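For reference, the chains in residue letters:
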Amino acid sequence: MNYYLDFDNTLYETSKLTARMLEKIANFVLEKSENVGEEIFNEVTQNFNSTTGNIFLYAESIAAKYNLDKDEIKLHIKNIIDNGEDMVFEDAKRFLERLKSNGHKIILLTYVPDEKNKDYQNEKIIGSGLKEYFDKIIITSEYKFTIDLDYKNGIFIDDDPRDLLGLYEKNPIKVIRIRKKNNKRSKIDIENKDILEYESFDDIEI
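The model shown is predicted, which means the values in this text are computed figures rather than measured ones.

**Some details on unusual backbone geometry**
Stage number 1. With a phi close to 65°, Asn 9 is a non-glycine residue in the positive phi region.
Stage number 2. If you check the backbone angles, Asn 67 has positive phi at about 60° while not being a glycine.
Stage number 3. Relative to the helices and strands, Asn 67 resides in the loop between helix H3 (55-65) and helix H4 (70-82).
Stage number 4. Judged by its relative accessible area of 69%, Asn 67 falls in the exposed class.

Encoded structure:
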């Protein structure tokens, strides 16, 4: 069976990564410049758009604003991304291991809204330690339900209501929603009852 799995906030706690990187940038500013206080920390941590932004470009802009070494600050960010194993949901890793042991084909299908973020997305995947599980990795800046895939012979697992509903319209074998408690998208209800919902991968039968 072909399993297509989303990455961000499905297998990987991206919100945790973003918070960790922004905190590192803010602390770097406080340590290396004469600026101190909660105001600077809040400014740095609250002005990044995690959906469309590029963290490296953002770090460069902060470094320029406070006259700091952009290469040093980017190195700190890269180190966090490269050591992202603890951002992987433990139940997600167990699920990948179950799929692998049962001989299923595992395709990572991940969306980035801007082409310039594909390298960043790839770094996240490598840093997660999950790359070895995937038979194929697809990073697309087109909606997942509009690309050239064999939808009808696939099972799709995602967290994003937009993608879930779009994929369902392609008549796949099954569409499964992962609805983690701390995911902002989990607050959005889907009326389509044919899309199965699970909080944990451990509850999914394969």
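Here the narrative resumes, following the displayed structure.
**Some points on the environment of Thr 10**
Stage number 1. Relative to the helices and strands, Thr 10 is located in the loop between strand E1 (2-5) and helix H1 (14-32).
Stage number 2. Taking the relative accessible area as the measure of exposure, Thr 10 reaches 0% and is therefore buried.
Stage number 3. The spacing of Thr 10 and Ser 128 is 118 residues in sequence and 13 Å in space, taken between C-alpha atoms.
Stage number 4. Aside from chain neighbours lying at most four places away, what touches Thr 10 is Phe 89, Ala 92, Ile 157, Asp 158, Asp 159, Ile 178 and Phe 201.

Parameters at a glance
Residues numbered from 1 in each chain as written. Predicted model: local features only at pLDDT ≥ 70, side-chain atom pairs only at ≥ 80, totals over all residues. Heavy atoms only, no water. Helix = DSSP H or I, 4+ residues; strand = E, 2+ residues; numbered from the N terminus. Buried < 20%, exposed > 50% of the residue type's maximum accessible area, 1.4 Å probe, protein only. Contact = heavy atoms within 4.5 Å.

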